[in-house]
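# Notes for the structure review
Residue-level listing of the chains:
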Amino acid sequence: MQGTTLILVIGAMAIAAYYMGRSRSVALVGGPTQGTALHSLPGYYGYFTAIWCLLPALAVLLLWVLLEPRVIVALVVQGLPEAQRNLPPGELNLLVNNIQNLAAGDAVSGTVDASLQDAANRFNEYKVLSRKILTVLTLGLGGLGAAIAWRRIRPDFRARNRVEQIVLVALIAASSIAIFTTIGIVLSVLFEAIRFFQKVPATEFLFGLNWSPQTAIRADQVGSSGSFGAVPLFTGTLLITAIAMLVAVPVGLMTAIYLAEYSSRRVRGIAKPLLEVLAGIPTVVYGFFAALTVAPWVRRAGESMGLEVASESALAAGLVMGIMIIPLVSSLSDDAINAVPSAMRDGALGLGSTRSETMTRVILPAALPGIVGGILLAVSRAIGETMIVVMAAGLAANLTANPFEAVTTVTVQIVTLLVGDQEFDSAKTLAAFALGLVLFVVTLLLNVIGLNVVRKYREQYD
Amino acid sequence: MRMAHMTESNVTENEVMASQPDVDVADPVDTAAAATGVAVDLPEQQLTELGATVGEVRCADPYVVAENVNVHYGDNHAIQNVTLEISKKEVIALIGPSGCGKSTFLRCLNRMNDSIESARVTGRITLGGQDIYSKEFDPVALRARVGMVFQKPNPFPKSIYDNVAYGPRIHGLANDRAELDDIVHNSLERAGLLKEVKDRLDEPGTGLSGGQQQRLCIARTIAVNPEVILMDEPCSALDPIATARIEDLMDELSEDYAIVIVTHSMQQAARVSKRVAYFHLGLLVEVDETDTIFTNPRHKLTEDYITGRIG
């Protein structure tokens, strides 16, 4: 039976099990009118039976799908002639690929001899056999599970508690997926970064002032050994982030205040969706807007004032990034302001505050945790933003605080390091992981500090 | 016969102001019934047409005067042609079933309805002779003169001190820190809260109990030295002991302020107020001395309400 068919059949069995469990529970107490004699509602007995039909069958199916290819390959290899079995792993892999391709009817590299054809046939046989066993096993287990559950149904059987327990486990499983993924990513970045720090000392990476990750591609090539001082990257990131926040925070916050407290319903109905459109523009579009429109404009404006401005300036990238972040700041601040109970507003107005006094003295302090949270999110977004800076800020790792010069950021360097044609264990490639790790730590620290500041100074309303 | 005369003249006055000459004011049945002290059995429909209030809407030394006040929320006519006078140092209770417009009327007196977009107020309300709805009158200044205490205690999420100091600060009532300290202490003292919070003025006001929070809100209101205090069911979220303290407080405060209280508790109205106004479906049905209303209501609707048959 095909995989999808199998799943459909199991699903149908589960539905059948639901009705059987349900009707058994009702029958046990002598009809639907005697429902109160049951510990749980009849439906829970049905769910209980259905779950015990589904779970074992699906578990076996999952295991089978994971293990089947390996087992079959191992069996096929076992049946190969002695000479081929003892090939080095690489060539054996090639051979197995050939067998699989032949079995599937795809093009095969090299000549097809009798032993290869034979192996392909056996591969197909094993596959068919495996399907048969799987079908019998899953359907059998599903039926068995349902039958056992069905037999356990008694009027005093606590079906609801069992079902709720299983649901709880499912909820915990779902919530751990995100956590484990995060841990996995952190660990993989961490191990690659450790490999990098074996080649380049951590002190040089963290405190070095010179970033020039050019290493020789071949061992015999004459070239620089590269220098991996990340300080210019981080100052560049901070510079651009600071410019972006200087644009986004005041504009976004004032937008939120206007929309939440002053605007009429009509204006709000038009302005809010428009702001959300701004949030929906792809960053690459912002990127070429920054590179082709804003950067030249900044340069011309600077030159007309007698300033020397690079054509790829930190200012242009920061300005556009700030505009990109405005909707994030405004929409989160708007939510925070709206979450302040209207009783606060009434209280302040009732004492004779003007609207602006109400806003600055009562509402904003009460909404501060939400607003700072939004700003922190925006900072994280700005630090992690790549596309705009790739296009508008350039690649020159200048150590400068001058917004008119070209700078580069951590994310941009990660991109350029990984799109190069280096081998994957060169210091240049591994540097990307080290940068990623430090970036992660910095963002994490920012969040922790920010949350603590908020907790300390918040004005809690209830 | 005195009562009958009063009723009639009152109705006539209302009638003139409402300028609805097509309604027969001196309805013989109405007058006769009032004269004999029997509750008038007016169908609600007829009441709506009349827009007339039984009892005495006028008082001896009026300070807040509402004349023919109408409030619309969109298409909903929430307050219909209400006329009421409130004197300078009295407690008047507004009672009536939910949705009868008593809170709406209360919020007209300090223009809190302004913040509701769809609300429209017509008619005339004067405070010490000044029309509070005229263009020249600043609602912000009005709210400093007409303070308000809300149904649910709503202290700001600031310290107790800052809560009370909020009003004086925004209105610039204190020249230096010492004056501000004085105002805060006096206000807390008058709200009967000083003893309990003396040593923790810098703790958040939200950390107090419900009754203390409500007294803090009262302290906050009297700190700006208002002339009138509006209370919108100030005790509905409090237990009986906290309620008793607030009621005592109202009694003391009524020596200096006019207090208008909306309440659902008729016992409370009977305990604290000098006059009672009964609202029904946006109409002011009956106004009179508290004793008269509770012992000898003249309108059928009032009687039904206070005896528990409606509302």
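Criteria and cut-off values
Residues numbered from 1 in each chain as written. Chains lettered and ligands numbered in written order. Predicted model: local features only at pLDDT ≥ 70, side-chain atom pairs only at ≥ 80, totals over all residues. Heavy atoms only, no water. Helix = DSSP H or I, 4+ residues; strand = E, 2+ residues; numbered from the N terminus. Rg over C-alpha atoms; globule rule 2.2 N^0.38 Å. Buried < 20%, exposed > 50% of the residue type's maximum accessible area, 1.4 Å probe, protein only. Areas by Shrake-Rupley, 256 points an atom, 1.4 Å probe, with all protein chains shown as cover. Contact = heavy atoms within 4.5 Å. Disulfide = S-S within 2.5 Å. Pairing = 2+ DSSP bridges. Buried area = accessible area lost by both parts, 1.4 Å probe. Salt bridge = Lys/Arg side-chain N within 4 Å of Asp/Glu carboxyl O. Polar contact = N/O pair within 3.5 Å; in protein donor to acceptor, adjacent residues only side chain to side chain. Nonpolar A, V, L, I, M, F, W, Y, C, P; charged D, E, K, R; others polar. Axes fitted to C-alpha atoms, helices over the stretch in contact; angles between N-to-C directions. Domains from an automatic or database assignment. Left-handed = near helix turned anticlockwise from the far one by under 90°. Core = buried A, V, L, I, M, F, W, Y, C linked by side-chain atoms within 4.5 Å. 1 Å grid on protein atoms, 1.4 Å probe; cavity = no way out; pocket = protein on both sides within 12 Å on 5 of 7 lines; lining within 4 Å. Points joined across faces, edges and corners; volume = space filled by probe spheres on them. Phe/Tyr/Trp six-rings, centres within 6.5 Å; stacked < 30°, edge-to-face > 60°. Lys NZ or Arg CZ within 6 Å of the ring centre and 35° of its normal. Patch = residues over 30% accessible without salt bridge, like charges linked within 9 Å, V, L, I, M, F, W, Y side chains within 5 Å. Lys, Arg positive; Asp, Glu negative; His and termini not counted. Charge placed at Lys NZ, Arg CZ, Asp CG, Glu CD.

## Observations concerning the overall build of chain A
Of the regular secondary structure elements, chain A holds 16 helices and two strands. Relative to its length of 462 residues, chain A is extended, with a C-alpha radius of gyration of 32 Å against a globular reference of 23 Å. Of all 462 residues assigned to chain A, the portion counted as buried reaches 39%. Surface summary for chain A: the accessible area is close to 24,700 Å², and the carbon and sulfur share equals 67%.

## Section: the overall build of chain B
Helix and strand counts for chain B come out as 13 helices and 11 strands. With 311 residues in all, chain B has 57% of them scored as buried. The long-range share in chain B, meaning contacts at least 24 apart out of those at least 6 apart in sequence, stands at 69%. Only carbon and sulfur atoms are counted for the fraction: they give 49% of the accessible area of chain B, which is about 13,100 Å².

## As for the state of the cysteines
Residue and element names in this part refer to chain B. If you walk through the whole model with that rule in mind, you get zero disulfides over all chains. Cys108 supplies the cysteine sulfur nearest to Cys59, a cysteine that is in no disulfide, at a spacing of 18 Å. Among the cysteines around Cys217, which has no disulfide bond, Cys235 carries the closest sulfur, lying 12 Å off.

## Looking at the sheet that holds strand S2 (residues 62–73) of chain B
Spatial strand order, S3-S2-S5-S6 (chain B): four strands in an open sheet with antiparallel pairing. One side of each edge strand has no neighbouring strand; the edge strands of this open sheet are strand S3 (76–87) and strand S6 (130–131) of chain B.

## Digging into the interface of chain A and chain B
In this complex, chain A contributes 23 residues to the contact, which on the side of chain B involves 24 residues. When chain A packs against chain B, close to 1,900 Å² is buried across both sides, 58% of that on carbon and sulfur atoms. Connecting chain A to chain B are zero salt bridges. On inspection of chain A and its partner chain B, the count reaches four residue pairs in polar contact (both at pLDDT 80 or more). Secondary structure elements with two or more residues in the side of chain A that touches chain B: helix H12 (342–350) and helix H13 (355–384) of chain A. Among the elements that make up the side of chain A that touches chain B, the one with the highest residue count is H12(A) (seven residues). For the side of chain A that touches chain B, the class distribution of residues is nine nonpolar, eight polar and six charged.

## Quick look at the sheet that holds strand S10 (residues 275–280) of chain B
Working definition: the strands of a sheet are paired by backbone hydrogen bonds and lie parallel or antiparallel to each other. Residues and elements named next belong to chain B. Here seven strands make up an open sheet; going across it, the order is S1-S11-S10-S4-S9-S8-S7 and the pairing mixed. The open sheet terminates on both sides in strands that have one partner only, identified here as strand S1 (54–55) and strand S7 (146–149). Direction of pairing for S1 relative to strand S11 (residues 283–289): parallel, over a ladder of two bridges. Residue pairing for S11: Val54 is matched across the bridge by Glu286. Running over the sheet, helix H9 (residues 210–222) touches S7 and strand S8 (228–232) and is turned about 170° from S7.

## Brief notes about the pattern of salt bridges
All names here are of chain B. Taken as a whole and judged by the stated rule, the model has 23 salt bridges over all chains. Arg111 is the partner of Asp114 in a salt bridge, and the nearest nitrogen-oxygen pair spans 3.0 Å. The partly exposed category is assigned to Asp114, whose relative accessible area is 35%. Arg111 sits in the buried class, given a relative accessible area of 12%. Close ionic contact of Arg298 with Asp288 constitutes a salt bridge, the shortest N to O distance being 2.9 Å. Here Arg298, found in the loop between helix H12 (290–295) and helix H13 (300–306), pairs with Asp288, found in strand S11; they are 10 residues apart in sequence, far enough to count as distant. Take Arg298 and Asp288: they sit in the same class, and that class is buried.

## Describing the domain arrangement of chain A
Segmenting chain A into domains produces domain 1 (3–157) and domain 2 (227–461). Placing a centre on the C-alpha atoms of domain 1 of chain A and another on those of domain 2 of chain A gives a separation of 51 Å.

## Let's talk about the pairing of S11(B)
All names here are of chain B. Counting buried positions over the seven residues of S11 gives six, a clear majority of the element. When S10 meets S11, the two strands line up antiparallel, connected through six bridges. Considered in S11, the bridge of Arg275 is made with Glu289. What sits between S10 and S11 in their antiparallel hairpin is a turn of two residues, with Leu281 showing a positive phi close to 50°.

## A closer look at the environment of Leu144(A)
Residue and element names in this part refer to chain A. Mapped onto the elements of the fold, Leu144 is located in helix H5 (residues 114–152). The exposure class of Leu144 is partly exposed, given its relative accessible area of 49%. Taking C-alpha positions, Leu144 is 15 Å from Leu61, a pair spaced 83 residues apart along the chain.

## Focus: the packing of helix H8 (residues 231–262) of chain A against helix H9 (residues 265–280) of chain A
Residue and element names in this part refer to chain A. The geometry of H8 relative to H9 is characterised by a closest axis approach of 10 Å and an angle of 145° between their N-to-C directions. Along this stretch, H8 crosses H9, giving a crossing that reads as left-handed. Across the interface between the two elements, Thr255, Tyr258, Leu259 and Ala260 of H8 pack against Val267, Arg268, Ala271, Lys272 and Leu275 of H9. Here the residues of the contact of H8 with H9 sort into six nonpolar, one polar and two charged.

## A short note on unusual backbone geometry
Across the chain, the bulk of peptide bonds are trans and the bulk of non-glycine residues have phi less than zero. Residues other than glycine seldom take positive phi values, yet Arg111(B) does so here, at roughly 60°. Structurally, Arg111(B) is set in the loop between helix H4 (102–109) and strand S5 (119–127).

## A word on the side chain of Thr104(B)
Residue and element names in this part refer to chain B. Note that Thr104 resides in helix H4. In this structure the side chain of Thr104 is engaged in a polar contact, spanning 3.3 Å, whose partner is the side chain of Tyr73. Leaving out residues up to four positions away in the same chain, Thr104 has contacts with Val71, Tyr73, Ala78, Ile79 and Asn113.

## As for the nonpolar core
Grouped burial of nonpolar side chains is what soluble globular proteins tend to show. Grouped together as the largest cluster of nonpolar side chains are 57 residues, with contacts concentrated most on Phe205(A), Met321(A) and Leu435(A). Beyond its immediate chain neighbours, meaning those up to four positions away, Phe205(A) contacts Phe196(A), Phe197(A), Trp211(A), Phe228(A), Gly229(A), Ala230(A), Val231(A), Ala434(A), Leu435(A) and Val438(A). Within the second largest apolar cluster, 44 residues are counted, among which are Leu188(B), Ala219(B), Ile261(B) and Ile306(B).

## Brief notes about the layout of surface pockets
Taken as a whole, the largest pocket holds about 820 Å³ of empty space. Along the walls of the largest pocket sit 26 residues, with Glu261(A), Arg355(A), Ser115(B), Ile116(B) and Glu117(B) positioned nearest its centre. Broken down by secondary-structure element, the contributors of at least two residues to the lining of the largest pocket are H8, H9, H12 and H13 of chain A together with helix H5 (139–145) of chain B. Class assignment for the residues of the lining of the largest pocket results in eight nonpolar, eight polar and 10 charged.

## What about the packing of aromatic side chains?
One pass over the full model with this rule turns up 11 aromatic pairs over all chains. With a centroid separation of 5.1 Å and 50° between ring planes, the pair formed by Tyr18(A) and Tyr47(A) is classed as tilted. Of this pair, Tyr18(A) sits in helix H1 (residues 3–28) while Tyr47(A) sits in helix H2 (residues 42–78), and the two are 29 residues apart along the sequence. For Tyr47(A), a relative accessible area of 44% corresponds to the partly exposed category. Taken together, the aromatic side chains of Phe196(A), Phe197(A), Phe205(A), Trp211(A) and Phe228(A) make up a single cluster linked through ring pairs. Above the ring of Trp150(A), the side-chain terminus of Arg24(A) is found at 4.5 Å from the ring centroid. Residue placement shows Arg220(B) over the ring face of Phe156(B); its charged tip is 4.3 Å from the ring centre.

## Considering a negative patch on the surface
Residues Asp248(B), Asp251(B), Glu252(B) and Glu255(B) make up a contiguous surface patch of negative charge. With respect to the helices and strands, the residue Asp251(B) is situated in helix H10 (residues 240–253).

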